[in-house]
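Coordinate analysis (summary)
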Amino acid sequence: MSKRSHISPRIDRPPRWATRFLEWYCKPSLYEDLQGDLLEYFGRNVAAKGLTYARLIYIIDVLKFFRLYTVQKPQIFKGMNQFILLSNYFKTSVRSMARNKLFSTINVVGLAISMSVGLLMIAFLTDIYSFDTFHEKYDRIYRVGNTYQRLEEDESKFASTSIQAASRIKSDIPGIEEMVLITRNFRGDAAYNNKIIAIEGLYAEPSFFSVFSFKLKQGDAATVLKEPYSVVLDETTAKKLFDDKDPVGELIKLNDKDSYTVTGVMEDMPGNSHLRAPVVASYSTYEIKEKENEESTRLTRWNNMWSNYIYLVVRPDQDIEALQASLNQISAEENEVDEHTTINMWLQPMSAIVPGEDLSNQIGPSFELKMVWIITVLAFVVLVSACFNYTNLSIARSLRRSKEVGIRKVIGASGGDVFGQFILEAVVISGLSLVFAFILYYTAIRPRFLGLSEEISEMITLIPSPLTFLYFLLLAVVTGVLAGFFPALFFSRISVHKVLKNVSSLKLFGNVTFRKVLIVFQYTLSLAFIIGATMAYKQYDFAVNFDLGYKTDNILNIDLLGNDVEKVKTALSEIPEITDMSASTLVTSVGSYWGTTAKYKDPLDSTNINYNGIDENYIPIHGLELIAGRNFISQSDSSAESQIIVNEKLLKRFNIGEPLDAIGETLKVDDKDVKIVGVVKDFHYGKIDSPIKEFAYRYKADQYYVINALISSSDIPGTMEKIESKWDELDAIHPFEAEFYDDRIQKSYEEYLVMVKIIGFLAFLAISIASLGLLGMVVFTTETRLKEISIRKVLGASEQALVFLLGRGFIFLLLISAAIAVPATWYFFNQIVFNDLAYKATFGFLELFGGVLVVFGIAALAVGSQTVRAARTNPAETLRNE
Amino acid sequence: MKGTNLGEFEELVLLTIAALMEEAYSVAVCDELTKHTGREVKLGVVHAVLNRLEEKGYVKSGLGEATNVRGGRRKRFYTITSGGKATLLKAREQRDQLWSMIPDVVFKGI
């Protein structure tokens, strides 16, 4: 009955908002007849030209009547009235909060928890979007990257390009305001007087300091990078090398070979720059060096595109599409030279670098746009979940406030006033929550988030700026409005005579379905998070303990850092705890690869292979299984590479047949003939996200970068100290860098661990919020049904029956949530998140339902504690009062 | 305020109000003008002019009785004041004088 009264008979009405607008701006003295006129016209238009047209004309007319003589002047008295009411609203809100401490606490705690995540999201987004914005020409800087496609393979996008590209752009495309070519790999040990430090930076053209807004402390921006062998240091490096001495004009020696003149000192590049280098050397240096090396193709080859970066400053009026077209033209011409590869140049605006696409060969830190979206959505979902608590509890408890609303309406409050009042109340609560949220954010969330991984703490600080604070306030208001919207709507629609005549006739439980949906949503979310976290952990565990096909325990990988292998080996062999040592090019199974091409008999059939350069000790130390042939035989460094050990996949690729048949066959690797001396059983040289492919061990004395030391010691820290002190005797410049193989593998799967931590944390939040909400609902239900319970008890109902009666509704909701969450999360992780992985963990009952049981347990505790209490109350106490 | 001069359109509206007598409210004025001038007269224009005429004191207005039409909104009826009448008469007099000055020759042959 009450429902029907809301629906008015369908008549053709002009848009309500337009009428409201008219009412809002029009002088009250003019309003009535003007409104009447418009309605009269509206009626005519409906009859003559149809409803849509009439409504359109109505809107236009309303807008047209917004004139000087119709608009009312702002009324001071009205404002005063609002202000007085505002303080009244505030007072009632505070009183109502104080009266219901439990519910207020639930609301504030829930909102505070979720808002702290919201604060994190805001601080994070402001940080990420502040990247590179300090460049004055930020809007006009574009980076030229390459897309690379070999034969019919998939195209991949690179941030880097070739030097040839730069030369062609310079000669072929006129009218670009500025351009800078940057090349990576300016590195070495810089020496001044007796001080030596390792430096690593960039080579850049002279325009570097005018394209970018990195500030020079000393030196002239136009000329610092002009002459060959000039270098600009940042303040930290200058301080390290020169202490307080003025470095400009001094000579530093790099790797005991070349002398560079320090021409300038720049401020340290800021953390929110995707370009980061402590030292910048002149590009002309690089050019001279490459020209000395006759074999080098770096300066001229179109497909040598791995370590150079081009940044353009376009004119304000430049047609970017035309520019791209010119780039395409150049690419097309250059691609004719090599038929195997297709390389195209593409333009990337500075604003799309961080956050941006996932590109290969990034020059500095990067952050995927996809991740930005995921984080935002997750934070938002948690926020909404807490808003639901507020919505749910407020509507459920509306009975208590409805009389107040009735009186207000009788006195003359309009629906809008009541709506405003309850929105304000929600905003007051969310404002209070903001305070707690901020404390929570500063003490717990921010440090933990920054501690997730080093990469994160290097990129962002999460220190709020004044603007961020403004966003924080905005967040509180938005949260308040979001949370208070439905309750406010509900209250504003309460009909006066019903509330005042007979409260119980108020259709309070009309919203029951709505509230149930909200609870199901919250629990589905909680379950999804906890299941997701378990699955991610399982995958991490699976990856770290994966049987790679060789031994990694007790192997310490020591970076050579440019030192001679034999020298280091000799020095380390004095330590008794090191039982054996081998040398290799890289540490496998942690995500790094070295590759080259190999051919068998057919000179036209070449394939990409991954390899590791090793010595004769490597295979025994790592317990690799040779299924045919033998290990490498020690060879003098100077003799040419002649032996190779391959895996089974490589045999299959070239159809060599049985492993035994392969021994003695000749492969062409790097255009050199090598004999297969052994075949190693397939093992996982990559991370488990990629399948095993063709792989070879090469005997490459000139490519040893790592020592693999087999350690046998009961006192690992002591041994490490010994090795480190040995290292320091050997190499005073480079600090000792070593890591146990197993630790290294764990680190390479850190992303899963980060995922576990983030999702786990969100799960914790979502569960807390949902449990709080559930607790609130249960308390409310039992309170309102206390009389019913007492009567049932008097009539002989048992306690268990009563607990079941009260709890079954909630249990049912939880079951629905589980029925949605389990399959959905399983599908999401198995088919989407882990889809690319070659080796996936299998997810069993424990992973899928363990979390569900935990959540159910907590929920049962919330429901149980309250229902049992209600069921145990003495019926006499509740019933006596009537 | 601009002078007490009557604009062309204002004069037309004022005349219509006088002609419609008791029935002069905005929409009726609009319709009447549309009918007689043959051009489409917008409500917005008429409304503004009515408002201005009232400011100048040529018309008085008052709300009528509420009816069932126009969503129950009352109409604002306009009646011409003596000042308005005087202005109209004056305008007409001026015209007549001017007309009388035109020799018959001018309009010959039309």
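Treat the numbers as computed from the prediction; the structure is a model and nothing was measured.

**A short note on the sheet that holds strand S21 (residues 706-711) of chain A**
All names here are of chain A. Spatially, S13-S21-S12-S22 is the arrangement adopted by the 4 strands of the open sheet, whose pairing is antiparallel. Across the chains shown, the open sheet's two edge strands, defined by having one partner strand only, are strand S13 (578-584) and strand S22 (738-740). Each strand of the sheet is rotated relative to its neighbour by a mean of 25°, with strand direction disregarded. Pairing geometry for strand S12 (residues 555-559) and S22, over 3 bridges, is antiparallel. Bridge pairing in S22 links isoleucine 558 to alanine 738. Against the sheet, helix H19 (residues 565-572) makes contact with S12, S13 and S21, and its axis sits at roughly 170° relative to S13, the strand it touches most. Taken strand by strand, helix H23 (residues 716-730) contacts S12, S13, S21 and S22, and its axis lies near 25° from that of S12.

**With respect to helix H24 (residues 741-748) of chain A**
Within an α-helix, residues lying three or four positions from one another point in the same direction, as the helix has 3.6 residues per turn. Residues and elements named next belong to chain A. Buried within H24 are the following residues: Tyr741, Ile745 and Ser748. On an axial view of H24, the arc spanned by its buried residues comes to 60°, and they lie on one face. Buried residues in H24 make contact with helix H18 (512-544), S12, helix H20 (618-622), S22 and helix H25 (750-784).

**Section: a positive patch on the surface**
Residues Arg13, Arg16, Arg20 and Arg493 of chain A make up a contiguous surface patch of positive charge. Along the chain, the position of arginine 493 of chain A falls in the loop between helix H16 (466-492) and helix H17 (496-501).

**A closer look at the packing of helix H6 (residues 101-129) of chain A against H16 of chain A**
All names here are of chain A. For the pair H6 and H16, interaxial distance at closest approach is 10 Å and the crossing angle is 140°. In terms of orientation, H6 lies oblique with respect to H16. Note on packing geometry: the crossing formed by H6 with H16 is right-handed. Contact residues: H6 offers Leu111, Met115, Gly118, Leu119, Ile122, Ala123 and Thr126, while H16 offers Thr468, Tyr471, Phe472, Leu475, Ala476 and Thr479. In terms of residue class, the contact of H6 with H16 is built from 9 nonpolar, 4 polar and no charged.

**A short note on the UniProt feature "domain: Transcription regulator PadR N-terminal" (unreviewed entry) in chain B**
The residues that UniProt annotates with the feature "domain: Transcription regulator PadR N-terminal" (unreviewed entry) are residues 17-88 of chain B. Its end C-alpha atoms 11 Å apart, residues 17-88 of chain B is made of 51% helix and 14% strand.

**Quick look at the pairing of strand S9 (residues 279-282) of chain A**
Relative to S9 of chain A, strand S4 (residues 195-204) of chain A runs parallel, the two being bridged by 3 bridges. When the bridges of S9 of chain A are listed, leucine 202 of chain A appears paired with valine 280 of chain A.

**Structural notes on the pattern of salt bridges**
Working definition: two side chains of opposite charge can pair if their charged atoms are close together. Considering all chains together, one arrives at 44 salt bridges over all chains under this definition. Here arginine 187 of chain A ties to glutamate 200 of chain A by a salt bridge, and the two come within 3.1 Å at their closest N and O atoms. Placement of the pair is arginine 187 of chain A in strand S3 (residues 178-192) and glutamate 200 of chain A in strand S4, with a sequence separation of 13 residues. Judged by relative accessible area, glutamate 200 of chain A falls into the partly exposed class, the value being 45%. Here the salt bridges do not stand alone but share partners, grouping Asp37, Glu40 and Arg44 of chain A together with Asp31 and Arg70 of chain B into one network.

**Quick notes on the interface of chain A and chain B**
On the chain B side, the residues contacting the 17 residues of chain A number 20 residues. Each partner contributes to the roughly 1,600 Å² buried at the junction of chain A and chain B, and carbon and sulfur atoms together form 51% of this total. Among the residues chain A hides against chain B, the three largest losses belong to Glu32, Asp33 and Tyr69 of chain A. Together they make up 32% of the total. Between arginine 70 of chain B and aspartate 37 of chain A there is a salt bridge, with the nearest N and O atoms lying 2.7 Å from each other. One can count 12 residue pairs in polar contact (both at pLDDT 80 or more) joining chain A with chain B. The element that contributes the greatest number of residues to the side of chain A that touches chain B is helix H3 (residues 28-49) of chain A, accounting for 13 residues. Looking at side-chain class alone, the side of chain A that touches chain B contains 7 nonpolar, 3 polar and 7 charged residues.

Criteria and cut-off values
Residues numbered from 1 in each chain as written. Chains lettered and ligands numbered in written order. Predicted model: local features only at pLDDT ≥ 70, side-chain atom pairs only at ≥ 80, totals over all residues. Heavy atoms only, no water. Pairing = 2+ DSSP bridges. Helix = DSSP H or I, 4+ residues; strand = E, 2+ residues; numbered from the N terminus. Axes fitted to C-alpha atoms, helices over the stretch in contact; angles between N-to-C directions. Contact = heavy atoms within 4.5 Å. Buried < 20%, exposed > 50% of the residue type's maximum accessible area, 1.4 Å probe, protein only. Arc of directions from axis to C-beta. Patch = residues over 30% accessible without salt bridge, like charges linked within 9 Å, V, L, I, M, F, W, Y side chains within 5 Å. Areas by Shrake-Rupley, 256 points an atom, 1.4 Å probe, with all protein chains shown as cover. Salt bridge = Lys/Arg side-chain N within 4 Å of Asp/Glu carboxyl O. Lys, Arg positive; Asp, Glu negative; His and termini not counted. Charge placed at Lys NZ, Arg CZ, Asp CG, Glu CD. Parallel < 35°, antiparallel > 145°, perpendicular 65-115°, else oblique. Left-handed = near helix turned anticlockwise from the far one by under 90°. Nonpolar A, V, L, I, M, F, W, Y, C, P; charged D, E, K, R; others polar. UniProt positions renumbered as here; feature names shortened; annotations may be inferred. Buried area = accessible area lost by both parts, 1.4 Å probe. Polar contact = N/O pair within 3.5 Å; in protein donor to acceptor, adjacent residues only side chain to side chain.

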